[in-house]
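Observations on the three-dimensional arrangement
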Amino acid sequence: MGAAEAYDIRSVDRGEVLRYLGYAGQKLSPELDGRIDETVSHCLGTARPAGCVRVFDVSGVAEKDGVPVIGLAGTALELRGHSIAEHLEGALAVGVLAVTLGMGVEVELRRLSLTDRVGQLVFDAAGSALVERAADAAEARVVAAAAERGLFCGTRFSPGYGDFPLATQPTLLATLDAQRALGITLSPELLMTPTKSVTAVVGLFGEPKEGTGREACGTCLCRDFCLLRRSGRTCGRS
Amino acid sequence: MGEKTNDGSTMSDATHTDLLAAALSGDAFLLFDGAMGTELQARGLAAGELPELLCLTRPEVVTEVHAAYVAAGADVVTTNTFGANADKLGEAATVEEVFSAAVACARAAGARYVAADLGPTGQLLAPMGTLAFDDAYELFARQVRAAVAAGADLFVIETMADLAEAKAALLAVRENSELPAFVTMTFQEDGRTFLGTTPEVAALTLSSLGAAAVGINCSLGPAEVAPLAERMAPWARCPLMVQANAGLPHVVDGVTVFDIGPEEYAAAVSGMLDAGVTVVGGCCGTTPAHIAAERALLDGRVPVRREPPDRFAVCGPQRVTSLAPGAVGVIGERINPTGKRKMKEALRSGNHDHVIAEAIAQERAGAQILDVNAGLPEIDERAVMCRLVDELLGVTTLPLQIDASDPAVIEAAVRSYPGKALINSVNGKAESLSAVVPLAARYGCALVGLTLDEDGIPATAAGRLAVARKIVAATDAAGIPRADVVIDCLAMAASTDQSAPRTILEAIRLVKAELSGVRTVLGVSNISFGLPFRPLVNATFLAAAFGAGLDLAIINPGVRRMMDVVDSWRVLSGEDESARFYVEHYAERSDAVPTAVPSEKGGQAEKDAALPADPVERARRLVLDGRGGPMADAMREVLLAHDAMYAINEVLVPALDEVGRRFEAGTFFLPQLMASAEAAKAGFEVVRAAGEKDGAPAADKGTVVVCTVKGDIHDIGKNIVRMLLENYGFEVIDLGRDVAPETVAGVVVERHVRLAGLSALMTSTVPAMAETIELLRERAPWCKVVVGGAVLTPEYAEMVGADFYAKDATETARIAGEVLG
């Protein structure tokens, strides 16, 4: 079984939830306002965010059928496509992560779909915002692992982005043993359930990457989950 | 024990059978092997690679792992076939090739017994996922047939998180082989599987279904598993099995490691033997050294005998309802169309909101089991029953009582039910006994037996006992435990025969006294048929029936007076210890039955000074503000001065139109649109209810079928569309999510529907949309199709052959008006 870690996430950015709901500055009634707050805390209470993270060295970059393919040492995982090749260009190692909010959120979404469709919409948005926070937490583990080796992280990139195929999912999840460790299952259409799950890869580089938001802790998405800051360090150049 | 040989073929068959047979009856320990996956990784298996293929490519490595466990003293080795199903193997190899090679590897290692390993399919079963129960069953059945052909001795079904999936695997073994199946599920630190199943539920369901042993594997170390195994013990009617991990895994220097060493592991297992565990081994991180330590432990011990206590028990996937002797239980009777107009309408139309509301209300009122009956002559009872069960599983954790007279309906519902259901019912007729008793036995269900036979309902208590005896003889012969048999002595109207009540009470007494271990149930309310003020008669009779020994009452738990009898009886019988529940819930009650039951949210009068005094204005405002709570009151006031048409056409629809305009203009966003739709719906319901009272037909603008296409379980968009269409007066047949093209076409043809709305969220499910449209064109050329969903564009819509593309729900409503108007 793969090693899973539970993430203690007690808040989610309300603005983020509203953004998922398509909010563009409309005036909210106090009722709806209260309902959104209630639903967000209900989602936080229901979710059991957890993740698996492993870091593998890049074993080589080959080209198959005119498409670049990055191999990872000790795994059957191949990262295929121009987008991921560009994203990971120069990476020495790659962090592979999967996170989920657990089946409890899924069960509640189904209950709401049968009983309270406004609630379902808001709960779903809260779950989407929350699972990204869980992915931030997982990414923070990669950042820490990189710092251990004197390396610097890029940002995460998920199967389905650009031409990085969704077909990567079965092997990616198997590499982390994510079904046993996290309970993530995959449908023939490559849909993960629980649906509030994220998989991604993060590059580890010899030099700091530009535009990652990690230039300063204030702009870093992983800030709240950073393992380095606790020991008074940063992942930056100095 | 402890006999070891390096060549399975030289071992006598007698010895072979003996240890396994003794272990299956709980008289001997059985030691399985330890981890395969982590051992293979130590020998160079790449992460993410299919370990099962090594049976074909490097059989010597697999045999080496097995042999080490045999040398360590394992009685059973488990084949390297955890993920060897047709779906996961894909093109790489066939299931038959892998099982054949895997069993050969195990045999070559000199294993005493070879257990064919069946792990989860990797997909999530419907309704939460998209894999149909029957398809999961087929994946397992192929593995089972392959393992039998390859010569396996037994099966181990393991690491299951989904009770339905465990059930599919166990049925596949039972129906495709004669071999015993050991079934273990995997639990998290909170004591539940990923899908919320508890150890009690797993043990009860799987042992009732005929597992040779039940238990726990993976996820946790032995110390964490021990208390969960103890929780299982009183619910398992078969040996208990534990294969824990060597602690919780963590990563050190990029490698997954487990911390619990052999001695510590065996010490924890020792405690579990005391609790009655007799089948042990190891899971992830355990090594031959762990198994050797267990061998040494077992050789100095004898199995502890367990006697599961006498109790009636059924369960859903997350919760057990159980009654110790003397305790009473409540079965909610409301999900049954007989004599209930709204329920009939719900089952006919396929709009199950009313059913769901009844389920939730009954659970809240104190029901412990829900009766589900879909018996209407003009519907496909089997399909409706299955859909109801799926939906009820989504909204209640209560176990279900499958209430049908057609054995095919019963079988369809209980076969895939994730839990142990109660079947209602069999009766004393030979035909019924031969059709229904085998179903209860085969699917491990409890069974209600009605005391009537070819001669009708016996007039005397002795006559009913005689029928009960006949039923119990059949259930005994089928191996159904007495505690799973529940006899219904059938309540008859006191108004037509005043001796009827005494006869029923006497019959209950006789059944309990003469047929030891059997339980009784009664649909109580028939007793008062034809009398005024029926609840009082029902309540009095219920108390008398409890006194006579009734175990389960089928009642409407929403009737306060009935639950008052139940709650107070539990004090008098001693079931409610120290009257704790009673004192907590009744300390403030001043009268036995309050005149009105306080309703939930919404009923509370919301006085809001900011709302307009004029009811028409107020209703409009409430729609625009998206406030459903005060809506019903406002609408009732509107109807005092206006008719229904005015209420709809001059109040609700204009308000909704304004909401639509605001949404278009961007001054409203989605949750506001939906909250408004919800408020309007509350208003429509008042108008509709008033219209029914006056006999006026409800406004009907035509019918629309909506669904999310096959393979896709995202239904938010579809639900929004449904709400809005309903608001505008369309009848909506909501087929749900992950709906097969045939289902859509079937309904469209049957109801001659003129507009179908299809939704897809993912690029990978758009082809299913095209398929659905193609089938509709073929079978229902009259039907227009509107499509929508996150990945859809007008171009995509055209590509899949749709008539319309709707970018949002308001546009769908407009299109529906255009097509059906």
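Structure: above.
My aim in this report is to walk through the structure given alongside it, one point at a time. (Residues numbered from 1 in each chain as written. Chains lettered and ligands numbered in written order. Predicted model: local features only at pLDDT ≥ 70, side-chain atom pairs only at ≥ 80, totals over all residues. Heavy atoms only, no water.)

1. So, empty space enclosed by the protein
How we decide: Buriedness for pockets is judged along seven lines, at least five of which must meet protein on both sides within 12 Å for an open set on the 1 Å grid over protein atoms alone, while cavities are sets there where a 1.4 Å probe fits but cannot get out, and lining residues have an atom within 4 Å of a point. Grid points are joined across faces, edges and corners, and a volume is the space filled by probe spheres set on the points. Under this grouping Gly is polar, as are all residues other than the nonpolar Ala, Val, Leu, Ile, Met, Phe, Trp, Tyr, Cys and Pro and the charged Asp, Glu, Lys and Arg.
One pass over the structure, following the stated rule, counts 3 cavities of 30 Å³ or more. Of the volumes computed, that of the largest cavity is approximately 140 Å³. Here the residues of the lining of the largest cavity are counted per class, giving 5 nonpolar, 6 polar and 3 charged.

2. A look at the environment of Val-202 of chain A
Residues and elements named next belong to chain A. Here is the rule we go by: For the purposes of this entry, the term helix denotes a DSSP run of H or I that reaches at least four residues, the term strand denotes a run of E that reaches at least two, and both are numbered from the N terminus. Whether two residues touch is decided by their heavy atoms; if any such pair falls within 4.5 Å, the residues are in contact.
You can see Val-202 is positioned in strand E9 (residues 197-205). The sequence separation of Val-202 and Ser-158 amounts to 44 residues, and the corresponding C-alpha distance is 9.0 Å. Val-202 has contacts with Leu-88, Ala-93, Val-94, Gly-95, Leu-97, Glu-139, Val-142, Cys-153, Gly-154, Thr-155 and Arg-156, leaving out every residue within four places of it along the chain.

3. Here we look at the environment of Gly-2 of chain A
Here Gly-2 of chain A is to be found in the segment before strand E1 (5-6). Separated by 51 residues in the primary sequence, Gly-2 of chain A and Val-53 of chain A place their C-alpha atoms 9.1 Å from one another.

4. Some thoughts on the sheet that holds strand E14 (residues 369-373) of chain B
Residues and elements named next belong to chain B. Short version of the rule: By definition, two strands form a pair when at least two bridges between them are found by DSSP. Angles run from 0 to 180 degrees between N-to-C directions of axes, and those axes are lines fitted to C-alpha atoms, restricted for helices to the stretch in contact.
In spatial order, the strands read E13-E14-E15-E16-E17-E18-E19-E20; together these 8 strands close into a barrel with parallel pairing. Strand-to-strand, the axes of this sheet are offset by a mean angle of 30°, without reference to chain direction. As paired elements, strand E13 (residues 329-335) and E14 share 3 bridges and run parallel to each other. Residue pairing for E14: Gly-332 is matched across the bridge by Leu-370. Its contacts with the sheet place helix H18 (residues 461-477) against strand E16 (422-427), strand E17 (446-450) and strand E18 (485-488), and it is angled at close to 160° to E18. Relative to the sheet, helix H19 (residues 500-514) contacts E18 and strand E19 (519-523), its axis offset from that of E19 by approximately 160°.

5. A word on the interface of chain B and chain A
We count it as follows: As a working definition, buried area equals the accessible area (1.4 Å probe) given up by two parts on being put together, with both sides summed. Salt bridge, as used here: a side-chain nitrogen of Lys or Arg that lies within 4 Å of a carboxyl oxygen of Asp or Glu. Between N or O atoms, a polar contact is any pair within 3.5 Å; within protein, one atom must be a potential hydrogen donor and the other a potential acceptor, and residues adjacent in sequence are included only when both atoms are from side chains.
On the chain A side, the residues contacting the 58 residues of chain B number 49 residues. Summing the contributions of chain B and of chain A, the shared interface buries around 4,600 Å²; its carbon and sulfur component is 62%. Here chain B and chain A share 3 salt bridges between them. Glu-678 of chain B is the salt-bridge partner of Arg-35 of chain A, the closest N and O atoms lying 2.8 Å from each other. Connecting chain B to chain A are 13 residue pairs in polar contact (both at pLDDT 80 or more). Of all elements in the fold, only strand E8 (250-252), helix H14 (353-365), helix H15 (381-395), helix H26 (670-694) and helix H27 (716-727) of chain B reach the threshold of two or more residues within the side of chain B that touches chain A.

6. What about the packing of aromatic side chains?
Where we set the bar: Centre distance within 6.5 Å is the pairing criterion for rings of Phe, Tyr and Trp, where only the six-membered ring of Trp is used; planes under 30 degrees apart are then read as stacked, over 60 as edge-to-face, and the remainder as tilted. Each residue is assigned to one of three classes by its accessible area relative to the maximum for its type, calculated with a 1.4 Å probe on protein chains only: buried under 20%, partly exposed between the two thresholds, exposed over 50%. We call a charge positioned above a ring when the Lys NZ or Arg CZ atom is no farther than 6 Å from the ring centre and deviates by at most 35 degrees from the ring normal.
According to the stated counting rule, one finds 6 aromatic pairs over all chains in the structure shown. Between Tyr-23 of chain A and Phe-669 of chain B, the aromatic rings sit 5.0 Å apart at their centres with planes inclined by 70°, giving edge-to-face as the arrangement. A residue pair is termed interchain when its members come from two chains, as with Tyr-23 of chain A in the loop between helix H1 (14-20) and helix H2 (30-46) and Phe-669 of chain B in the loop between helix H25 (644-665) and H26. A relative accessible area of 2% places Phe-669 of chain B in the buried class. Taking 6.0 Å as the distance between ring centres and 35° as the angle between the ring planes, the aromatic pair formed by Phe-157 of chain A and Phe-164 of chain A counts as tilted. Each of the two residues, Phe-157 of chain A as well as Phe-164 of chain A, counts as buried. Through a chain of ring-to-ring contacts, three or more aromatic side chains come together here, namely Phe-157, Tyr-161 and Phe-164 of chain A. In this structure, Arg-180 of chain A is placed above the aromatic ring of Phe-82 of chain B, and the distance from its NZ or CZ to the ring centre is 4.2 Å. Across from the ring centre of Phe-205 of chain A, 4.3 Å away, lies the NZ or CZ of Lys-209 of chain A, which sits over that ring.

7. Some details on the sheet that holds strand E23 (residues 755-759) of chain B
All names here are of chain B. Read from one edge to the other, the open sheet built from 5 strands follows the order E22-E21-E23-E24-E25, with strand pairing classed as parallel. Of all strands in the sheet, those bounded by a partner on one side alone are strand E22 (731-734) and strand E25 (804-805). Across the sheet, helix H29 (residues 766-779) is in contact with E23 and strand E24 (784-788); its angle to E24 comes to roughly 170°.

8. Comments concerning the pattern of salt bridges
All names here are of chain B. For the structure on display, the rule yields 68 salt bridges over all chains. Where Arg-348 meets Glu-378, a salt bridge forms, and the shortest distance between an N and an O atom there is 2.2 Å. Placement of the pair is Arg-348 in helix H13 (residues 341-349) and Glu-378 in the loop between E14 and H15, with a sequence separation of 30 residues. On the basis of relative accessible area, Arg-348 is assigned to the partly exposed category, the value being 42%. Across the pair Glu-658 and Arg-661 runs a salt bridge, and its minimum N-O distance is 3.0 Å. With Glu-658 and Arg-661 both in helix H25 and 3 residues apart, this pair spans about one turn of that helix.

9. Focus on a negative patch on the surface
Residues and elements named next belong to chain B. Inclusion rule: Any residue with relative accessible area above 30% and no salt bridge may belong to a patch, with like charges joined within 9 Å and the nonpolar Val, Leu, Ile, Met, Phe, Trp and Tyr side chains within 5 Å. Accessible surface area values rest on a Shrake-Rupley calculation with a 1.4 Å probe, where residue burial reflects the displayed protein chains alone. Positive charge is attributed to Lys and Arg, negative charge to Asp and Glu, and no charge count is given to His or to the chain ends. For this purpose, a charge sits on NZ of Lys, CZ of Arg, CG of Asp or CD of Glu.
Together, Glu-742, Glu-771, Glu-774 and Glu-778 line one region of the surface with negative charge. If one sorts the elements of the negative patch by residue count, H29 sits on top with 3 residues. Turning to its location among the elements, Glu-778 is positioned in helix H29.

Purely geometric numbers; function is a separate question.
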